[in-house]
Amino acid sequence: MPTDSIPPPVAALFPARGIRERVDDRLTRALADAAERVLDGPVMPDIDMPELRRELATFDFAQPRPLEELLDWAIGKLEHGTVHMTHPRYFGLFNPPANFPSQCADRISGAFNPQLASSGSSPAPVALEQHVIRAIALRAGLPAESAGHFTTAGSEANYTALICALTRADARFADEGVRAFSGPVAMYTSRECQPAWHKIAHQAGIGRAALRLIATDGTGRMDARALAEAVREDRRRGTVPVLISATAGTTGAGMVDPLEPCATIARENNVWYHVDAAWGGAALCSDRLRGELAGIELADSLTIDAHKWLATTMGCGMFIAREPEILSEAFRVGAEFMPSSATSIDPYLNSMQWSRRFMGLRLFLSLAAAGWPGYGEHVERAVQVIECVKARLLARGWSIPNDSRLAVLCALPPAGSAAVREIVRKVLASGRAWVAVAKLEGRDVVRICATHGEIAVADVDELVAALEAAR
Ligand SMILES: Cc1ncc(COP(=O)(O)O)c(C=O)c1O
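What counts, and where the lines are drawn
- Residues numbered from 1 in each chain as written.
- Predicted model: local features only at pLDDT ≥ 70, side-chain atom pairs only at ≥ 80, totals over all residues.
- Heavy atoms only, no water.
- Buried < 20%, exposed > 50% of the residue type's maximum accessible area, 1.4 Å probe, protein only.
- Helix = DSSP H or I, 4+ residues; strand = E, 2+ residues; numbered from the N terminus.
- Pairing = 2+ DSSP bridges.
- Right-handed = clockwise from strand over helix to strand, strands pointing away.
- Arc of directions from axis to C-beta.
- Axes fitted to C-alpha atoms, helices over the stretch in contact; angles between N-to-C directions.
- Near = heavy atom within 4 Å.
- Polar contact = N/O pair within 3.5 Å; in protein donor to acceptor, adjacent residues only side chain to side chain.
- Areas by Shrake-Rupley, 256 points an atom, 1.4 Å probe, with all protein chains shown as cover.
- Nonpolar A, V, L, I, M, F, W, Y, C, P; charged D, E, K, R; others polar.
- Phe/Tyr/Trp six-rings, centres within 6.5 Å; stacked < 30°, edge-to-face > 60°.
- Lys NZ or Arg CZ within 6 Å of the ring centre and 35° of its normal.

Caption draft 1: Inspection of the pairing of strand β4 (residues 240–247) at higher detail. Counting buried residues along β4, eight of its eight residues qualify, which places the element largely inside the surrounding structure. In this sheet, β4 lies alongside strand β2 (residues 185–190) in parallel orientation, the contact comprising four bridges. Along β4, the bridge assignment pairs Met187 with Leu243. For β4 and strand β5 (residues 272–276), the ladder comprises five bridges, and the chain directions are parallel. Its bridge partner being in β5, Ile244 is matched across the sheet by Tyr273. With helix α10 (residues 259–268) bridging β4 and its parallel neighbour β5, the resulting β-α-β unit is right-handed.

Given below as structure tokens:
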């Protein structure tokens, strides 16, 4: 190989500025056009999957293909090959269409591609993330010393809570794992919890059997008396309780566990108290609704996902701790090659991830652009959408078994209707709207969530018409 020259960059990967700008502009317009077409089409995917597999088989990557063709191809596949969370009649899981400032954030962080592992390499992004995390912590009523970090999602944040709880319960956990404890350990959440907790217990090495699913009170909230009893019984048997996780906005029904009584039980038993507000935490933005989360300020740690009700791009979870020193203990590591090793600051010393995308810019720009008032309106609007759906369904003889004041509705059809699963199947098949089957207190319900920030009255009417036609 010659040593006095280097070949030019690979143009397919690093095109010249003029080409980038042209492709970028075209992409911006193509995406806006696709977004409009999505609104006129079905919420459900209508792609021909055998045909897609045949097309994929032609991608043997032996020869390069023109990027612009590839971009059009990819947009087409997403336009027809996904359930459209960007459709205002997606009354679905906690997957919102992404707000615009967060999409801008992704472009910026994609272009600069900062490495968020350390403050040495990304001083400004790390400071900006810490700033927005602290703002959320203060909004939740946690003390000024609280801190945390952005996570890939709510599951990582909840996993982090368990690792912190174990580390605080016995410092020897760091070296000895669960062998450090005098008996088997246990963690507690309600049977309406988000099911990732089962995987978390498995991954953390405490085992799935260590997860205690506490009974609910008939309305979908954790029964605090059953919780106290379960902790007492475990202690009597020599089991070591390490974590209580209350949910503020359950996945199925948007219910808020009794946060203050759960905090008291945790304090009395010297157990880490976590509040999983992955979705419901957004209610903190609204002065009218934040009271629904009273007691959240008592938590040792919180999970709040910006990619749920705060509508940033995926995935943008947050883990916030009242006493963040535990994070430095739980994720302590030495690495001489890193550009910095600031114990309480560097993300690689305080979180599970190492290489990290600049996730926090999504929430920073969204919150800065909308302010608390804008986000408050966004959240209140969703609650109003659900009130509209509720009023229409009640007027048609449906019943509503959840009394959440957040933006999830569980609905049961009038007597004599088809089964809930059949109704949901027909609604999805119609392509008119997207709703889910959920279980509330052991019963199938139609779950309707206002995740989209632009739902209009006509969308509510169409949803109700689709439900009525399906029952
Ligand atoms: C209450 C709750 N906690 C945690 C999660 C998991 O979050 P993620 O899907 O971001 O991992 C969810 C997901 O819906 C949830 O509803």
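Caption draft 2: Here's a closer look at unusual backbone geometry. For the bond from Met314 to Gly315, the omega torsion is -25°, close enough to zero to count as cis. Its place among the elements puts Gly315 in the loop between β6 (301–305) and β7 (317–321).

Caption draft 3: Summary view of helix α13 (residues 420–430). All buried positions along α13 are accounted for by Val420, Ile423, Val424, Val427 and Leu428. Taken around the axis of α13, the buried residues stretch over an arc of 130°, which confines them to a single face.

Caption draft 4: Region of the structure containing the sheet that holds strand β10 (residues 443–449). Overall, antiparallel pairing links the three strands, which are arranged β8-β10-β9 in an open sheet. Edge positions in the sheet fall to β8 (408–411) and β9 (436–440), since each of these pairs with one other strand and no more. Neighbour-to-neighbour, the strand axes of the sheet open up by a mean angle of 45°, direction not taken into account. Judged from the five bridges that link them, β9 and β10 form a sheet pairing that is antiparallel.

Caption draft 5: Quick look at the site of the ligand. In the vicinity of the ligand there are 14 residues, among which Gly154, Ser155, Thr251, Asp276 and Lys308 approach most closely. Take Ser155: an N or O atom from its side chain is 2.6 Å from an oxygen atom of the ligand. Note that an oxygen atom of the ligand is positioned 2.9 Å from one of the side-chain N or O atoms of Asp305. For the ligand, the protein covers 86% of the area, taking 390 Å² as the surface of the free molecule. Top contributing element to the shell around the ligand by residue count: helix α6 (residues 154–169), with three residues. Tallied by class, the residues present in the shell around the ligand amount to three nonpolar, eight polar and three charged.

Caption draft 6: Examining the packing of aromatic side chains more closely. Following the criterion strictly, the structure yields eight aromatic pairs and no others. Relative to Phe61, the ring of Phe59 has its centre 6.1 Å away and its plane inclined at 45°; by these criteria the two rings are tilted. Judged by its relative accessible area of 70%, Phe61 is exposed. Between Phe173 and Phe181, the aromatic rings sit 6.4 Å apart at their centres with planes inclined by 45°, giving tilted as the arrangement. The two residues Phe173 and Phe181 agree in class, both being buried. Every member of this aromatic cluster is reached through a ring pair, and the members are Phe59, Phe61 and Trp73. A cation over a ring is seen here: Arg65 above Phe59, with NZ or CZ 3.9 Å from the ring centre. Between the NZ or CZ atom of Arg139 and the centre of the ring of Trp372, over which it lies, the distance is 4.5 Å.

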